[in-house]
Amino acid sequence: MTETWLTPSINTSEFLPADYTAYRKDRRAGKGGGVLIAVRNDLIAIEIEELNVDAEILWIKIQIFNRKPIYIGVFYRPPSSGTEPLQQLRASLEKIDFSKNPTIWLGGDFNIPDIDWDSMCRKSANACTYPRDISTSLLDIINDFSLHQMAKEVNHVHQTEVHHVSNILQLFLVSNPDIFVPLLTAPGLCDHSILLAEADVDHSPQRHTRHKVYLYHKADVTSMKQDIKNFQDLFIQNCEVNSIEESWQSLEKFIQNITDKYIPSKLSSSRYNLPWMNSQLKRLIRRKERAFHTAKRTDLLVNWKRYRTLRSDVRKALRKAEAQYMSNTIYESLRSNPKKFWSYIKTKRGNRCGIPALQKGENLVTHPAGKAELLNKEYQSVFTKEGRGPIPGLRGVNLPPITTLLINPDGVLKLLEGLSPHKAPGPDGILPFVLKQLLKKITHYGITGSLHKWISAFLTKREQSVVIEGAKSSPAQKDQELEASPNQAPYFQN
């Protein structure tokens, strides 16, 4: 709460229910101003006095069992002030240890209407009220401390002699936007609206779902090629009598069998390991941990000195390994294997909550399986529902019918050669590595037949599922059966 207008002579019990505790910072000189945070008594909260600065800003810390504490702050910048309150806000934020990815929620009345929050830029000069350095100072704070501004709706309206002026003056800056549903506004007691924020504070950080990792460098490619050579004649022979779907299922099953048979695999770790971590660093870290336990058990000065020395060695070794990884591995693999670059970016991500909580009616859906079901139903609701009659013609367009489609082997081969073996497989689970190395045999044969039959096989009995954090939704049917008239060119509808 900002602009409380409270003074020491006003007791908190005069305006706040007994089941709330108020943390106040009243203005010391003059009228107006003042900030306040009210906390329900069943929450564990303490005021963080070391973050106090010479500005109307107040911080508390909420303790939640088995979760990181939440730093909650309130800030007020008087309209007639310059950049000094913002400089004090920066000084206050700099006292927080951001190396531990703290959870920060900061709200208040900033009185800076000159920023377009959709583009995160200052508005044009003729639309601005204050000098440029005020808005740029706030934007620099948001960017420097990796905060996100959540208030996007107008929350201040006042009447001038000519018209109403609408602005966003009250802001809500957070370090973890994924756990919030979109902010709402409610009518206030004056020309300011009330910001209503709802967050899923119980949301556990996303764990790295374990998945199968194939060790391509240990693959027995020679044996795989021999198996596919033995399979291809039987496959081509059966294509004459099998349907398209049956031929595809036969090919898919064969590819999966030879993949599991000739390419060794392992399960990935459920932890987010640093990509530059090696056995030497792990050994050094274990030595440091043993030294710490020894020093704590004996409480001898020599053991504490040895622990601090090892701790310093670990920090230097980690910084050196990261620098070498950046200069050697990351730079060289940006074009050949970008996955290494994105793996590094993942280690720098402060928030790993994955898909945020989704709202269903009045409830928040937080479990991965529930979110997968909700998203899948949403996708299914916008599927195009086609009739089962003839495809409508295109007005004014007279196109010749397409009855047969010939696939050129050279075109298929070109597509296969363009595959990146480092890419993840698609929904069919077939590895690009296998397609690139082995399916060149298939390109020696052209595929011909009824195009209408092919399209019908593609469009009927299709299913879709959503997977979130390893939880898979039930399949959603996407069934379309189309009839193409002789004089119409069939089309695909996704």
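The preceding data block contains the structure.
In this report, we go over the structure that sits alongside the text. Since this is a predicted model, take the numbers as computed values, not measurements.

1. Examining the packing of helix α3 (residues 221–239) against helix α4 (residues 244–262)
Part 1: Two elements in contact, α3 and α4, have axes separated by 11 Å at closest approach and are oriented at 170°. Of the possible angle classes, the one that applies to α3 and α4 is roughly antiparallel. Of α4, the residues touching α3 (which contributes Ser-223, Met-224, Asp-227, Ile-228, Phe-231, Phe-235 and Cys-239) are Ser-247, Ser-250, Leu-251, Phe-254, Ile-258, Lys-261 and Tyr-262.
Part 2: Here the contact of α3 with α4 is composed, by residue class, of nine nonpolar, three polar and two charged.

2. Focus: the packing of helix α1 (residues 84–93) against helix α2 (residues 132–144)
When two helices pack together, their arrangement is captured by the angle between the axes and the distance separating the axes.
Part 1: Where α1 contacts α2, the axes come no closer than 10 Å and their chain directions differ by 10°. When the interaxial angle is binned, α1 and α2 end up roughly parallel. Judged by residue contacts, Leu-86, Leu-89, Arg-90 and Leu-93 of α1 engage Ile-134, Ser-137, Leu-138, Asp-140, Ile-141 and Asp-144 from α2.
Part 2: Across the contact of α1 with α2, the residue classes tally to six nonpolar, one polar and three charged.

3. What about the nonpolar core?
Part 1: Trp-59, Leu-86, Leu-89, Leu-93, Phe-110, Trp-117 and Leu-138 are the most contacted members of the largest nonpolar core, which has 29 residues in total.
Part 2: Those elements giving two or more residues to this core turn out to be β4 (56–63), β5 (70–76), α1, β6 (103–109), α2 and β12 (170–174).
Part 3: When residues in this core are grouped by element, the largest group, five residues, is from α2.
Part 4: With residues near it in sequence (within four places) discarded, Trp-117 still touches Leu-138, Leu-139, Ile-142, Gln-149, Lys-152, Ile-168 and Leu-171.
Part 5: If you look at the next biggest cluster of nonpolar residues, it comprises 19 residues, including Ile-37, Tyr-76, Ala-151 and Phe-180.

4. Focus: α2
Part 1: Taking 1.5 Å of rise per residue, the 13 residues of α2 would be expected to cover 18 Å, and the 18 Å separating its terminal C-alpha atoms lies within 8% of that figure.
Part 2: Of all the positions in α2, only Ile-134, Ser-135, Leu-138, Leu-139, Ile-141 and Ile-142 are classed as buried. Looking down the long axis of α2, one finds its buried residues gathered within 155° of arc, a one-sided arrangement. Exposed positions of α2 whose direction lies more than 90 degrees from the buried face are Arg-132, Asn-143 and Asp-144.
Part 3: Against the buried residues of α2 lie α1, β7 (115–116), β8 (121–122) and β12.

5. Overview of the packing of aromatic side chains
Part 1: One pass over the full model with this rule turns up 10 aromatic pairs.
Part 2: Taken together, a centroid distance of 5.1 Å and an interplanar angle of 70° make the contact between Trp-105 and Phe-180 edge-to-face. Linking Trp-105 in strand β6 with Phe-180 in the loop between β12 and β13 (184–186), this pair joins segments that are 75 residues apart in sequence.
Part 3: Look at Phe-180 and you get buried, because its relative accessible area is 7%.
Part 4: Residues Trp-304 and Tyr-307 carry aromatic rings whose centres are separated by 6.1 Å and whose planes lie at 80° to one another, so their mutual orientation is edge-to-face. Of the two residues, Trp-304 and Tyr-307 are both situated in helix α6 (residues 301–336); the distance of three residues between them amounts to about one turn of the helix.
Part 5: Every member of this aromatic cluster is reached through a ring pair, and the members are Trp-105, Phe-172 and Phe-180.
Part 6: Looking at Arg-77, its charged tip hangs above the ring of Tyr-130, at a distance of 4.9 Å from the centre.

Cut-offs used in this document
Residues numbered from 1 in each chain as written. Predicted model: local features only at pLDDT ≥ 70, side-chain atom pairs only at ≥ 80, totals over all residues. Heavy atoms only, no water. Axes fitted to C-alpha atoms, helices over the stretch in contact; angles between N-to-C directions. Helix = DSSP H or I, 4+ residues; strand = E, 2+ residues; numbered from the N terminus. Parallel < 35°, antiparallel > 145°, perpendicular 65-115°, else oblique. Contact = heavy atoms within 4.5 Å. Nonpolar A, V, L, I, M, F, W, Y, C, P; charged D, E, K, R; others polar. Core = buried A, V, L, I, M, F, W, Y, C linked by side-chain atoms within 4.5 Å. Buried < 20%, exposed > 50% of the residue type's maximum accessible area, 1.4 Å probe, protein only. Expected span 1.5 Å × (residues − 1). Arc of directions from axis to C-beta. Phe/Tyr/Trp six-rings, centres within 6.5 Å; stacked < 30°, edge-to-face > 60°. Lys NZ or Arg CZ within 6 Å of the ring centre and 35° of its normal.

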